[in-house]
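# Structural characterization, general
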Amino acid sequence: YNHLLSFFIFFALAAVITFPLVKSGYILTLDAVITPKVIFAPLTSSSFIYQNILAVLNLFMPSDWIERIILFLIFFLSGWGMYRFTDKNLRFARYFAGIFYAINPFVYERFMAGHWQILLAYSVLPFVVKSFIKFFENQTQKQAIKTCLWITLIATINTHTLFLTLFL
């Protein structure tokens, strides 16, 4: 029940933050440039998988929608991920942790600079750290595979965050 409630709370928070951006057109920040046609990345690109997923999505939906989905996911996954990472006994502190993780100066600065891939990887980081902790508590093959999949997701989104993740 609590996970469902938190899901809707952080869904609403992300919706409130991104709602002013729903107008048609592109959201312009310094480095985030999603053009009307997302091109497929070459095999040597560090963001090969991420870029090609966007390119495939662009075959079915306009790139400005993709842009808004990414922004929504950044705020939603950040808040909900940190809420789920925080100790269950802390109740309201979990909401504070989630809100603070989703809305803070680092996120604002990266958002304005257009570093959305860094922010998307940052939003997945609580899930990765929780998976690491579960692995060290219960070293099974199944948990190792889950942890490797989370690390692969980070690597797919942003190699800079992968490097930071490997310090764990």
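Residues numbered from 1 in each chain as written. Predicted model: local features only at pLDDT ≥ 70, side-chain atom pairs only at ≥ 80, totals over all residues. Heavy atoms only, no water.

Moving on to the pattern of salt bridges. Following the criterion strictly, the structure yields 2 salt bridges and no others. Between Glu-67 and Arg-68 there is a salt bridge, and its shortest N-O distance comes to 3.8 Å. When the shortest N-O distance is used, the salt bridge between Arg-110 and Glu-109 registers 2.9 Å. Since its relative accessible area comes to 17%, Arg-110 is described here as buried. On the accessibility criterion, Glu-109 (47% relative accessible area) is partly exposed. (Salt bridge = Lys/Arg side-chain N within 4 Å of Asp/Glu carboxyl O. Buried < 20%, exposed > 50% of the residue type's maximum accessible area, 1.4 Å probe, protein only.)

Moving on, we get to the packing of helix H3 (residues 63-85) against helix H6 (residues 116-137). In helix packing, the relevant descriptors are the interaxial angle and the interaxial distance, both defined with respect to the helix axes. At their nearest, the axes of H3 and H6 sit 8 Å apart, and the two run at 25° to each other. Taken together, H3 and H6 sit at an angle that is classed as roughly parallel. The handedness of the crossing between H3 and H6 is left-handed. Every residue of H6 that contacts H3 at Glu-67, Ile-70, Leu-71, Leu-73, Ile-74, Leu-77, Ser-78, Trp-80, Gly-81, Met-82, Arg-84 and Phe-85 is listed here: Trp-116, Leu-119, Leu-120, Tyr-122, Ser-123, Val-124, Pro-126, Phe-127, Val-129, Lys-130 and Ile-133. Looking at the contact of H3 with H6 residue by residue, the classes come out as 17 nonpolar, 3 polar and 3 charged. (Axes fitted to C-alpha atoms, helices over the stretch in contact; angles between N-to-C directions. Helix = DSSP H or I, 4+ residues; strand = E, 2+ residues; numbered from the N terminus. Parallel < 35°, antiparallel > 145°, perpendicular 65-115°, else oblique. Left-handed = near helix turned anticlockwise from the far one by under 90°. Contact = heavy atoms within 4.5 Å. Nonpolar A, V, L, I, M, F, W, Y, C, P; charged D, E, K, R; others polar.)

If you check helix H7 (residues 141-157), its first and last C-alpha atoms are 24 Å apart, about what 17 residues at 1.5 Å a residue would give, namely 24 Å. As for H7, its buried residues are in contact with helix H2 (48-60), H6 and helix H8 (159-165). (Expected span 1.5 Å × (residues − 1).)

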